[in-house]
Every structure is written in C-alpha cells, then in structure tokens.
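Tertiary structure, described
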Amino acid sequence: MTKFVYAFAEGNRDLKDLLGGKGANLAEMTRLGLPVPPGFTITTEACRAYLADGEVPAGLDEEVGDHLRRLEERMGRRLGDPADPLLVSVRSGAKFSMPGMMETVLNVGLTDASVAGLAAQSGSDRFAWDSYRRLIQMFGKTVCDVPGDAFEAAIDDAKKAKGVRDDVDLDSRDLEQLVDAYKKIFREHTGRDFPQQPREQMELAVRAVFASWNAERAVLYRRQERIPADLGTAVNIVAMVFGNLGPDSGTGVAFTRDPATGERGVYGDYLQNAQGEDVVAGIRNTVTLQELEKLDAASFAELMRIMTVLEGHYKDLCDIEFTIERGRLWMLQTRVGKRTAAAAFIIAHQLVDEGVIDLDEALLRVDGVQLSHLMFPAFAMTDAKPLAKGVAAAPGAAVGKAVFDARRAAEWADKGEKVILVRRETNPDDLPGMIAATGILTSRGGKTSHAAVVARGMGRTCVCGAEDIEVGVDRFTVDGTVVHEGDLLSIDGTTGKVYLGEIPVEPSPVVQYFEGKPVAGALVTAVDRLLRHADQVRRLGVRTNADTADDAARARRFGAAGIGLCRTEHMFLGTRRALVEELILATGQDGQAVALEKLLPLQRKDFVEILTAMDGLPVTIRLIDPPLHEFLPSLEELSVKAATGEASARERELLAAVRRTHEQNPMLGLRGVRLGLVIPGLFEMQVRAIAQAAADVRAAGGDPRPEIMVPLVGAVQEFEVVRAQALAVIADVAPDVTIPIGTMIEVPRAALTAGDIAASAEFFSFGTNDLTQMGWGFSRDDVEAAFFPRYLDLGIFGVSPFETLDAQGIGRLVRIAVEEGRAARPDLKIGVCGEHGGDPASVHFFHDTGLDYVSCSPFRVPVARLEAGRAALEGGSSDSR
Ligand code: PEP
Ligand code: MG
C-alpha cells in the first residue's frame, strides 16, 4: 500500500517532491537534532489523488490517525482533550515555496470544551480565548469560505465598543464574547455550527489545504513563477507551540545572511507576543533580532547557534521561522532562502572564498534570469531629497505613477502606464497589481513581508516599511506632502529611498563592467568570476544577432564569439527604400540591374563595417528574408491618395505594383529564398557585396570571416540554385577568401529533409522563430496578443513557445535535423539564431541537443554564456529551475 504519511523523523531534505519544501526541511532539522515541534507530513501524492478524485485516497484517514496517536503519546496529551488539549497546526507546503499563496490553520483541536483546558494548561484565560477566536476565524475563512471581512468587522466592533486600538487590549471576557460573535458568523455563512470534534476539524482542514493548491492566487503565482500546475501540496501537521503566551513569547523570521546584499550577519524581524503569520503580515511593526538579544539573551544565543548549524549543513543562505514559547526556542521552518539576483552572485562567490563550495557549485547557484535582472539600469547619483525612506527590499530603479489599488494598477498597466503600487502592506490578493507594477512601495513590514518576498521573486523593485508615509485610499501623506493617485514617484529598491517625480536612471554596474569600463565592487567581482568559470566549462559557443557595426562591437565586448545572424533587411530601409521601389518598378532585367547596381556599394559599405568590428571571428550574413511589402509603401495609403486624386504618377505606378505583389499571408508567401529566386540578381548582388567587402577588409590587413546563409529554405533544390550562383560570384570577386555557404533551418520541411540539405549546405542555423510559427501554425505577429493569455490560463502551455522553445514538439524537429544533418555531414556546424538562443531554459535544450553555438541579441550574450556553462555542469538535465 502507498505510504501517504511520514513522521518528521522519517523524512529528509531530498524528499521535497513528496513532502514539499517545508516538510522535507522540518524532517532534516529533526534529524539534525534541532528543536522542532513534533509532527508529521501528508504527502503531495495524497494531495494529487484528492484533487483528481475529489476525495482523499483510501486509507489516508487511518494512516493520519496512527500518526496522530503516536504524536499524542509523545506529547502526553490528546488532540482537543477537554482537560489538557493537544493542539496542532495544519500547514501547506509545496515543493517550491509559494509564500502566502496557500492555506494554514492554527490551533486545531480547540472546542467549547477544550478552551477551558487550554486556559488551565497555560494559566491564561485570555490566551485560550484568543487562540479559540483565531481558530474559528482561520478555519471559517480557509475551510468554509466565510468572508474574512465578517470576522474583521466583528473584532473592529469589539475594539470600538471597548474604546481600544489594538487586539492586545482586548481582555479575556471581550475575547470570549468575540468567540460567540464569531460562532454566529460561522453559523450564518455555513448553515452549521462550528465543529466540536477535534478530528473532524483536522480532517476538514487537511482537505482545505489540499484544495487551496488550486486557489486563484496560487494558480496565478505558479504561472508567474513557472511552477508546474500538477505538483500538489503536502500538508504538515505539527504540535502547536505558542508565541502569543505573553511578553516572554514571540515569533520571528531570520536570515543567515542579508538576502538583499549577501553580507554575512544576523538579519531578521521579531514580534513579541504574536502567533503565526503576524510577523510577515505587517500587522504590528517588528523589531530587529538585535533587539531580541536584549529581550531574551538565552533564546537569541540559541538561535545564533542554530543558524550556524544550518548554514554549515545547507552550505547556503538559510531563512528560518521560529517561535519562542515562554523562553523556549522552537524552529518552525527553514529553507535555502530566496535572495536578490545581486545577493545570489555575491553569496555564491563568498561561499567559494570561504571554502564551503567549489566554483562549479557556485555557478549552479546563479542563473541567467538573475544575471538579466542585474543588467537593468539604476538611478543616477542624485542630490534630490527623498520624500521618505523604507527598507530596501528588492533592488532596481522604478519610476511610475502612484496607484493605491491592485486592480487599478493592473488596469493602468494594461493601458501602457508605468505604475508604482502603493499599499500599507500587500497580501496575496494584490498579486495581479504586483505583477503589473514596475515597483511596489509599502508603509509596513520588513524584508520578509509579503511585498518584499514576492517582489524579490518576480524581480520587481520594492521598497517596504516606509513608516513615515500614511497610506490612504487614493493618496498618501508624508510630512505634510500629499501624493495623489497618478503622481509620479521614483523608488530605489537598492537604497530604500522614495522620491517624488522622475529621477533619471543610469546603466547597471554589471553592464558597465561588460562594456569594459572601470567599475569595482563585490557584485562585479562575483559576476566576473562566475562568468569566467562558465566560459571555461561550457561547450556551446555564443554568438550574437547583430546587423550594425555598433551592435557587433558591443556584443564582442559582452563576450560574443562572432555573429550568428546578421539580418540584411535594414540595409534596404530608410533612404534606400526608394532603390527597392525602383527595383520592383523596373520593367525588364536591365532596369533591375541598374537598381541593384546602386544598392551594391551601400551594402558593401555595411559589410565592411561589420566584418571589421568582428575581425577574426565568423560573421553569418543572411540574405534578404522579409516579404517585399515591408519595403513598399502601404496599400491603404496609396489607395486613399489615388481615390482622392492626390497620387503622383509614380505613386499610381507604385500602387499597381503593390497591388500586384499583395499577399494574404505574406509570412508564408514570397519571402526568403523564394524572393531570391524570383528577382534575378538580388541575392547575387548581396553575395557580390559580401565578397567585395571581405576582399577589401583583407586588403586592408584584416581577417574577415563571412559566412553566407540562405533563409527559408524548404527543399535542397532551392538551396542548390542559390549556392551555385553564389559560388560563381565568389570565385569571380574574392577567389582566395573562404566563404562557407549554409542555410537557415526554419521551415519544418527543411528539418524533415535535413539529410538531403546537409549534403550541400556547409552549416545549419535554426530559425526557431519561424520554426515555431510554422510548426504550430501560429502567426508570430498576432497570437501573443490574440489568444496566448487564454492558452496560458488553460495551461495549454506554461510559457509562450516563442519565449522558451517547445522542446517536445518544435524541439523534435530540431533533434531530427541535427541527427540527420550530421549523419550526412559529420562536421556540419549547427547553431541557432531564433530568439530562443538567449533564453535560459532553451539554452539548456540546445546544449543537450548537441548544437555548436547559440546566437542572441547583444544584451543576452552574457546570459547565454552563463547558462551554457550551467548546462555543461548539469550534464543532460534541462531543468534550469
Ligand atoms: C527565425 O525565424 O528564427 C529567425 C532568426 O529569422 P527571423 O526572425 O528574421 O524570421
Ligand atoms: Mg526566420
């Protein structure tokens, strides 16, 4: 029979798939002998079965019963025993951390009967009634969908009636009455009384936690974070320890290093006399761990000892949740902590220096997505006076209009506005607005508040806990200044400063370092070291997509080993468009030859510049690809002019040509090699320009290495015609320059006949943009707006296949072409130049598939270098999470 329940002592940290992150780490801490309250974990497998069948799998309740009995024996108390009750928490915990997205119910086991037992046990009536009202509230909301506002209103009424501000000012009688009010609310909304059977409470809570995997906000969070939808959550049932037993109790969170900068030290927040999520929810302002040392030196010392044990054991930054119950410290959670992109690099580098991990491991601890975050610009040095200062929670420089409501933030962003979401504190319901915003500002909460944790995960700039600002419904005030919705704000997530108006931004130090400028600092040192290591271990080459000398030079500074795609179409735009019009309008070959003659020197000049910028490195030049209409005036404009009699004679002539060449589906029409075969001399002119440019650069003492690439080939016969013409031109113009001739593989038929094509092509480069477009039958210019959001909602794909290569489908075409191409020509050079060439997950796929290089835009070159190194170390696995 399947085992669905594991005692903490039975698990370990490698069982995250089964026990979730929280369960696996609680087990690990138990094994390390750290003070973890006893408990057990119900597996994700049980959750998946529940979600599939709508009921818990057979035998689960019995297995839970067995573990509960053992827990009761160990604690010497029975669940909900009226005289001396054991209480438990029922907590969600998925494989990947999803902060605040799923449910937790605390104090399970409290009933009308056992509340008195808890009072006697704790010596505090107030504590017992407070725990009971919390249970009814959490259970009502989570298990029975009672609106949370109803409970909030009742507690507000109680405070008002008594004339106090804080929950802690309600005494035991007030709370007893509040329990009555809560029970009424529960009955009104559910049609039944609050359950008085402890086991029933627990079983219902377990089911609710299972179900919360599919709560709307959890679904949204998973999509954002690319967490698979079918993992399910584990459920942890843990003996309660209480942080709300009075001033000698409390609860807190801590990091072994600063998660924003990676600096070693003691970072965390502590809240006295508090329970559960109070500390991260920003209900009251927390104190630092240094303050805890003053409050409870013994617990502080024990916490420091445990943090050292955990860092030593996990060999990484850990974050921790703990509770102190009457001076006794308990560990409620640990995990390898989330961190900013900068901290990830700095910490990995530090751990190598400290001898804790080696460079390979360090490289696996960072990723290309983080590196790309570090390439964002930051605020220029400014003497502008900040309006307020908060906690620097997630770095970056964000400028946008203040918006005070998550839904409005999403609406404004949809209209193209940049917004800063300003909230007192955020909660999971604010997620759509947090995703839409460029920055997030809160007045409450520390580095571990919901806003901070979520923003860091998403790479959003965030300043939180800016206590001086008073956030209202449609404005905030600070020192008498009123900031209205729509006013411009600049927030600096690296310093925590908040400015009114727009502050100019400047490039990131990491980009400046790539540019070869003299910059110093821990971050740049770490990036340099890890990238150099990636270069050493990677097998994949990294080239760039560039079609100007400037881009080529920048990419070279960023580490590109050549150009993988030089698109030649821009060389036909701007003032040169008139020449293309002439080419189309020319009747007869002579007229066309004249137009081509005029284009030739212009093209040659472009190529000389690019070949010079990439001297000594390969430059793959693609012959012209887009459909003709992109170089001609618009049909609509010309038609209107003709209809209103404003068209010149030339425009009327052009209109006829535009009508003649008009296509319903131009992306599937006369473009690429087809155009080259239809307009005589066009490709030959380009080849001539390339060969002449190479000869000129060589004559000037350079080392030009052009490669000619034919676009949109679907059949070897197309390629062969172009190749024969090109060889003739090269033999004529530059007989002693070697110019390999190869093809894009971007039409599915080309991939399927790659063996034939490789017999004449000297290299392949996958055009995965077109291959995706044609393989799926998606118009790449239309679908992302038209129906991709719906497809993402439905989970048809987790990420756009234009962003990350669809390894299963389009990837199969790639694999076939690599295999059959290499079978025909073992030394066939193969690269990729579609957008996927710079996408971290896709880079791993291309490594695994045996490509020689990836080519991507200049700014993604460092990202591709890093990921190529990681892919080599991961050796075969393409899971880059
Ligand atoms: C491609 O199709 O992937 C490609 C690189 O070519 P383009 O994007 O110019 O069509
Ligand atoms: Mg293409």
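How each quantity is defined
- Residues numbered from 1 in each chain as written.
- Chains lettered and ligands numbered in written order.
- Predicted model: local features only at pLDDT ≥ 70, side-chain atom pairs only at ≥ 80, totals over all residues.
- Heavy atoms only, no water.
- Phe/Tyr/Trp six-rings, centres within 6.5 Å; stacked < 30°, edge-to-face > 60°.
- Buried < 20%, exposed > 50% of the residue type's maximum accessible area, 1.4 Å probe, protein only.
- Lys NZ or Arg CZ within 6 Å of the ring centre and 35° of its normal.
- Salt bridge = Lys/Arg side-chain N within 4 Å of Asp/Glu carboxyl O.
- Helix = DSSP H or I, 4+ residues; strand = E, 2+ residues; numbered from the N terminus.
- Donors = N, O, S within 2.8 Å, 3.2 Å for Na, K, Ca; no water.
- Pairing = 2+ DSSP bridges.
- Axes fitted to C-alpha atoms, helices over the stretch in contact; angles between N-to-C directions.
- Contact = heavy atoms within 4.5 Å.
- Expected span 1.5 Å × (residues − 1).
- Near = heavy atom within 4 Å.
- Polar contact = N/O pair within 3.5 Å; in protein donor to acceptor, adjacent residues only side chain to side chain.
- Nonpolar A, V, L, I, M, F, W, Y, C, P; charged D, E, K, R; others polar.
- Domains from an automatic or database assignment.
- pLDDT = per-residue confidence, 0-100.
- 1 Å grid on protein atoms, 1.4 Å probe; cavity = no way out; pocket = protein on both sides within 12 Å on 5 of 7 lines; lining within 4 Å.
- Points joined across faces, edges and corners; volume = space filled by probe spheres on them.

Per the counting criterion, the structure on display carries 21 aromatic pairs. Here Tyr-791 and Phe-797 contribute two aromatic rings whose centre-to-centre distance is 5.6 Å and whose plane-to-plane angle is 50°, an arrangement assigned as tilted. With a relative accessible area of 26%, Tyr-791 lands in the partly exposed category. Judged by relative accessible area, which is 9%, Phe-797 ranks as buried. Ring-pair connections join several aromatic residues into one group, and the members of that group are Trp-129, Tyr-132, Phe-139, Phe-186 and Phe-194. In this structure, Lys-3 is placed above the aromatic ring of Tyr-6, and the distance from its NZ or CZ to the ring centre is 4.6 Å. The ring centre of Tyr-853 lies 4.0 Å from the NZ or CZ of Arg-543, which sits over that ring.

The next thing to look at is the pattern of salt bridges. Scanning the model with the defined rule gives 53 salt bridges in all. Salt-bridge contacts for Arg-423 lead to Asp-430; the nearest nitrogen and oxygen are separated by 3.3 Å. Among the ionic pairs, Arg-557 bridges to Glu-515, the shortest N-O distance being 2.5 Å. Of this pair, Arg-557 sits in helix α21 (residues 549–557) while Glu-515 sits in the loop between α19 (509–514) and α20 (522–537), and the two are 42 residues apart along the sequence. What makes Arg-557 partly exposed here is its relative accessible area of 41%. The buried category is assigned to Glu-515, whose relative accessible area is 14%. Counted as one network, the salt bridges with shared partners bring together Glu-569, Arg-622, Asp-625, Arg-671, Asp-770 and Arg-780.

Another point: unusual backbone geometry. In terms of backbone geometry, most residues other than glycine have negative phi values and most peptide bonds are trans. Although it is not a glycine, Asp-145 sits at a positive phi angle of roughly 60°. Within the element layout of this structure, Asp-145 appears in the loop between α5 (125–144) and α6 (148–162). Exposure remark for Asp-145: the relative accessible area of 65% places this residue in the exposed category.

Donor atoms from the polypeptide that coordinate the magnesium ion (ligand 2) comprise Glu-746 (OE) and Asp-770 (OD), at 2.0 to 2.1 Å from the metal. Of this pair, Glu-746 sits in the loop between β30 (741–745) and α29 (748–752) while Asp-770 sits in helix α31 (residues 768–776); the two residues are 24 residues apart in sequence, bridging distant segments of the chain. Each member of the pair, Glu-746 as well as Asp-770, is classed as buried.

Let us now look at the sheet that holds strand β5 (residues 88–94). The strand order across the open sheet formed by 5 strands is β1-β2-β7-β5-β6, and the pairing between neighbours is antiparallel. Each having just a single partner strand, β1 (5–7) and β6 (104–108) make up the two edges of the open sheet. If you compare each strand with its neighbour and ignore which way they point, the axes differ by 20° on average. Bridge analysis of β1 against strand β2 (residues 39–42) gives 3 bridges, and the strand direction is antiparallel. From the neighbouring strand, Ala-7 faces β2, where its bridge partner is Phe-40. Sitting on the sheet, helix α3 (residues 60–75) is in contact with β1, β2, β5 and β7 (233–239), with an inclination near 165° to β2.

Our next topic: helix α25 (residues 649–661). Over its 13 residues, α25 extends 19 Å from the first C-alpha to the last, a length consistent with the 18 Å expected when each residue adds 1.5 Å. If you check which residues of α25 are buried, you get Leu-654, Leu-655, Ala-657 and Val-658. Where the residues of α25 are buried, they touch α22 (577–585) and α24 (635–643).

Around ligand 1 there are 14 residues in total, and Arg-567, Arg-622, Gly-767, Asn-769 and Arg-780 lie nearest to it. Between Asn-769 and ligand 1, the recorded distance is 2.7 Å, taken from a backbone N or O atom to an oxygen atom. Backbone polar atom of Asp-770 to an oxygen atom of ligand 1: 2.9 Å apart, as the coordinates give it. Elements with a contribution of two residues or more to the shell around ligand 1: β27 (563–567) and α31. Of the residues in the shell around ligand 1, the class split is 3 nonpolar, 4 polar and 7 charged.

A word on the domain arrangement of the chain. Accessible area lost when the parts come together is the quantity often used to give the size of an interface. Here the chain is partitioned into domain 1 (250–336), domain 2 (376–506) and domain 3 (538–627 + 663–875). Centre-to-centre separation of domain 2 and domain 3, based on C-alpha positions: 42 Å.

Along any regular strand, the residues point their side chains to alternate faces of the sheet. β7 sits mainly inside the fold: 7 of its 7 residues count as buried. In this sheet, β7 lies alongside β2 in antiparallel orientation, the contact comprising 4 bridges. For Gly-39, the partnering residue across the bridge sits in β7 and is Val-238. Of the strand pairs in this sheet, β5 and β7 are connected by 7 bridges, and their pairing is antiparallel. Residue pairing across strands places Arg-91 opposite Asn-236, the latter belonging to β7.

Attention now moves to the confidence of the model for the chain. Looking at the chain as a whole, the pLDDT averages 91, with 96% of positions reaching at least 70. For residues 876–881, every residue scores under 50 in pLDDT, and the model assigns this stretch 14 contacts once sequence neighbours within four places are set aside.

This part takes up empty space enclosed by the protein. Tallying each qualifying case throughout the model produces 4 cavities of 30 Å³ or more. Estimates place the volume of the largest cavity at around 140 Å³. Along the lines of polarity and charge, the residues of the lining of the largest cavity split into 7 nonpolar, 6 polar and 1 charged.

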